[in-house]
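A closer look at the structure
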Amino acid sequence: MVRFENVHMSYGEHAVLKGIDLHIEPGQLAVLIGPSGCGKTTTLQLINRLITPTEGKIFVNGRDISTVDPVELRRGIGYVIQEIGLFPHMTVKQNIEIVPKLLGWDEQKRSARSKELLKLVGMEERYLDVYPAKLSGGQQQRIGLLRALAVEPPIVLMDEPFGALDPITRESLQDEIMTLNKKLHKTVIFVTHDMDEALKIADVIILMKDGNIVQAATPKELLSHPANEFVESFIGKQRQAVGKLDTVREVMSARVVCAPDDTSVVEAVDLMRRQRVPSVFVLNKEGGFDGQISIKDIQSFSCTGDEMISRLANKQIPTVHPEGSASEAFKIMMQENIDELPVVDGDRVVGIVTRRSMVTSLAKVVWQGEAHE
Ligand SMILES: Nc1ncnc2c1ncn2[C@@H]1O[C@H](COP(=O)(O)OP(=O)(O)O)[C@@H](O)[C@H]1O
Ligand SMILES: [Mg+2]
C-alpha cells in the first residue's frame, strides 16, 4: 500500500532521512516511533507529497507518487495532525465537510456523511452545530479524525494525535482507532513517541533513530527479539516511563471487608458501619468471591433485616485481576458507573479499586508527566 525505496531527505547539509526502505501492507496499522527529531513527521509528509524526497522513490497503491497529481493523491490520504487543527470559527459540521465541499458534494450528501461519521465515534447529531471550543479534548480529536475520514480515504496518516489527552481519554481513542482500522479496513500510519501506545495498537512497529529505521517488527517480535541495544533501551526506558499507569495491584487497597453469604442484612449493615465502608464482598461457602452488596443496594431493596445477603448480592459486578492494567480498571469503573471494583485472583478477593485510587493514580501521572516534559 505504501512503499519507500531508499528514500533520503535533506535540508541543505542536514540529512534528515538517510535511506528509508519501508513496506506497509493494505489494512495494516503501522506505528512510527522514535525519539524526537528522528524523522517521523518528515516520513509522513513525504507520503502525501507535502515535501519531496531528495533521493529515492515512494509508491502509494503501486504508483510512484512523483507521477501523481498531489491534489489527487491527497484525496486518497486522510491526515490528522498533532494540534488537531480544527477551525475555531467553523462548526463541527463545517469542519468535517471541508473536503467534501471542495469536491462539490451537495448538501444532502455531505449532511448524510457527517451524521454517519459522528455515529462512528459514538457522538450525537446535536454536536454538528457546535463550535470546537465547546468540545472536550477527546471530542475535538475525534472530529479531527472524522474530518480526515470524510471522503473515505484508504490511507490515514496520524501524527501524534493523542499526545495532549489525559490517559483515560487516550486509551478509549486508541480502542476506537483499532476498531476503525479493522472495521473500515483503512491502512493507518500512526506516529507516536509512546511505546505503550505503539505496543497496544500496532500491527507493525517501525522504530526510527537519526533518520534510519532501526527495526520494523510486530509488537511481539520487538519485545522478544529487539534488534539491538538501542531498541532494548528504548523499550525499557519507555516501559518504566513516568506517565505510565500502573497495574491494578499497585493502585488497589488490600483492605477488603468480606462477609459469608449466610450473613443477615442487619449483620452486614453493622459490619459496614463498624469498618466504615460503603459495601462488603460476599463470599460463598468455600470462601470464594460471590458478589458485592452495598449500603445503597440495601436501602433501595425492600428487604427484612434477617434476610440473607446472598439473595441481594450483586453477582454481575465486573472484577479485575491484580496484574491487569489500572487504566482498564478505571475505564470499567467510569463506563459502568461503579464506585468500588473488586480485585479477584482465581476466586479469591485480594483487593479493591476505589474512585480514590483512581484520582491518586491519575494525579501521579499528571504530576510526573508535567515534571518530565
Ligand atoms: N523544513 C525543515 N527545514 C530544516 N530542517 C527540518 C525541517 N523540517 C524538519 N527538519 C529537521 O528534521 C529533523 C526531523 O524532523 P521531524 O521529522 O519533524 O522529527 P520527528 O517528527 O521525528 O520529531 C529534525 O532535526 C528537524 O529539525
Ligand atoms: Mg513530529
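Treat the numbers as computed from the prediction; the structure is a model and nothing was measured.

Topic: the packing of helix α7 (residues 167-184) against helix α15 (residues 326-336)
Across the interface, α7 lies against α15 with an axial gap of 10 Å and an inter-helix angle of 90°. Relative to α15, α7 is oriented roughly perpendicular. In this structure, α7 contributes Pro167, Ile168, Glu171 and Ser172 to the contact, and α15 contributes Ser327, Phe330, Lys331 and Met334.

Let's talk about the nonpolar core
In terms of nonpolar packing, the biggest core is built from 57 residues, with Ala30, Val31, Leu157 and Ile189 touching the most fellow members. Not counting the four nearest positions on each side in its chain, Leu157 is found in contact with Leu44, Ile47, Asn48, Ile77, Gly78, Tyr79, Val80 and Ile189. Counting residues in each nonpolar core, the second largest holds 13 residues, with Val320, Ala326, Val343 and Met358 among its members.

Here's the deal with the site of ligand 1
Near ligand 1, the surroundings consist of Tyr11, His14, Val16, Gly34, Ser36, Gly37, Cys38, Gly39, Lys40, Thr41 and Thr42. Of all the secondary-structure elements, those providing two or more residues to the shell around ligand 1 are β2 (14-24) and α1 (40-47). Considering every element that reaches the shell around ligand 1, the biggest residue donor is α1, with three residues. Considering only residue class, the shell around ligand 1 consists of three nonpolar, seven polar and one charged.

Here we look at the domain arrangement of the protein chain
Considered domain by domain, the protein chain is made up of domain 1 (2-239) and domain 2 (248-362). Taking only C-alpha atoms, the centre of domain 1 and the centre of domain 2 are 42 Å apart. The partner domain 2 presents five residues to the four residues of domain 1 that form the contact. Classifying every residue of the side of domain 1 that touches domain 2 by side-chain character gives two nonpolar, one polar and one charged.

How each quantity is defined
Residues numbered from 1 in each chain as written. Chains lettered and ligands numbered in written order. Predicted model: local features only at pLDDT ≥ 70, side-chain atom pairs only at ≥ 80, totals over all residues. Axes fitted to C-alpha atoms, helices over the stretch in contact; angles between N-to-C directions. Helix = DSSP H or I, 4+ residues; strand = E, 2+ residues; numbered from the N terminus. Parallel < 35°, antiparallel > 145°, perpendicular 65-115°, else oblique. Contact = placed C-beta atoms within 7 Å. Core = buried A, V, L, I, M, F, W, Y, C linked by C-beta atoms within 7 Å. Buried ≥ 20, exposed ≤ 12 C-beta atoms within 10 Å, placed from the backbone. Near = placed C-beta within 6 Å. Nonpolar A, V, L, I, M, F, W, Y, C, P; charged D, E, K, R; others polar. Domains from an automatic or database assignment.

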